[in-house]
Amino acid sequence: MLNFDHAKKRGEGATLMSDFEDDGWSGTVVVFELQGMKLGVKTEVVKRVLPRVALRLGTEVVPVLEGFLELRDEWVPVVRLDRLLRLNAGEREVGLSLSLKGQLMVVRDGERTLAWGCDGEVSLRKCGAGELKVLPKDHALNHAAGWVLDGVVILEPELLLLEEERVRLKELGARMEERRSEVMSVGEEGAKDGREGA
């Protein structure tokens with residue numbers, strides 16, 4: 001398990017990299033695969049990489065949602081990165097969704113946290129100043145990325161979700177929390193009744 005909690009958060013005044021100006025950034029990139037495509041993300045937005053686990057599912061189906069991961073008393077939405085990047089190809093996406101192979105990457109999406117699945121091994125790659133190249137405007141992933149590093153497309157998590165998707169996932173996370181509170185209170189009442197009956 002890789003843990004990135006030490007990584008610095010972006011400052012409040014920081015701008016999105018959607019302008020994609022060469023700011024001479026240097027640092028480390030987390031590189032992973034998804035359906036055979038090499039992707040990456042800057043370590044400063046990655047919180048941790050976990051082994052793939054079974055996820056909790058909400059009662060409502062949302063196309064981009066794979067489920068929820070309970071992490072430190074927080075319900076983290078696990079999004080279908082293949083759908084967000086439009087990589088899915090017909091029926092084979094079902095197997096990917098239900099598979100426990102691969103890993104989960106937990107990242108910061110602005111002030112929120114989300115996770116996505118990735119295939120294969122996750123590795124770290126150093127990037128020197130000037131090594132990031134601007135992603136061509138006609139690239140298929142230009143709606144979610146702005147940079148490329150030696151063939152690895154560097155995603156910008158804040159560009160992945162539409163605003164309505166963010167709102168919907170937040171609502172569903174709140175419902176998951178309500179449901180957990182209800183279950184906990186029922187369990188506490190049952191334990192109390194058991195003690196009183198003894």
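The model shown is predicted, which means the values in this text are computed figures rather than measured ones. (Residues numbered from 1 in each chain as written. Predicted model: local features only at pLDDT ≥ 70, side-chain atom pairs only at ≥ 80, totals over all residues. Heavy atoms only, no water.)

Peer 1: In this structure, what is going on with the overall build of the protein chain? I would like to understand it.
Peer 2: Tallying secondary structure elements over the protein chain gives three helices and eleven strands in all. Counted from the first residue to the last, the protein chain has its helices and strands arranged as β-β-β-β-β-β-α-α-β-β-β-β-β-α. For the protein chain, with 198 residues in total, the buried portion stands at 42%. A fraction of 64% describes how many contacts in the protein chain between residues 6 or more apart in sequence connect residues 24 or more apart. Accessible area of the protein chain: about 11,200 Å², with a carbon and sulfur share of 53%. (Helix = DSSP H or I, 4+ residues; strand = E, 2+ residues; numbered from the N terminus. Buried < 20%, exposed > 50% of the residue type's maximum accessible area, 1.4 Å probe, protein only. Contact = heavy atoms within 4.5 Å. Areas by Shrake-Rupley, 256 points an atom, 1.4 Å probe, with all protein chains shown as cover.)

Peer 1: Explanation requested: the confidence of the model for the protein chain in the structure shown.
Peer 2: In low-pLDDT segments, the atomic positions of the prediction should not be examined closely. On average, residues of the protein chain score 79 in pLDDT, and 75% of them are at 70 or above. Mean pLDDT across the elements of the protein chain ranges from a minimum in helix 2 (residues 92-98), with 45, to a maximum in strand 11 (residues 152-155), with 95. Under a pLDDT of 50 for its full length, residues 6-19 has, in the predicted model, 23 contacts with residues more than four places off or in other chains. Low pLDDT, under 50, characterises residues 91-98; the predicted model gives this stretch 13 contacts beyond four residues in sequence or across chains. (pLDDT = per-residue confidence, 0-100.)

Peer 1: I would appreciate a short explanation of the packing of aromatic side chains in the present structure.
Peer 2: Where two aromatic rings form a pair, the distance of their centres and the angle of their planes describe that pair. Scanning all chains against the criterion turns up one aromatic pair. Seen from their ring centres, Phe 32 and Trp 116 are 6.2 Å apart, and the 35 degrees between their planes marks the pair as tilted. Residue Phe 32 is located in strand 2 (residues 27-34), and its partner Trp 116 is located in strand 8 (residues 112-127); the two are separated by 84 residues in the primary sequence. Residues Phe 32 and Trp 116 agree in their burial class; the two are buried. (Phe/Tyr/Trp six-rings, centres within 6.5 Å; stacked < 30°, edge-to-face > 60°.)

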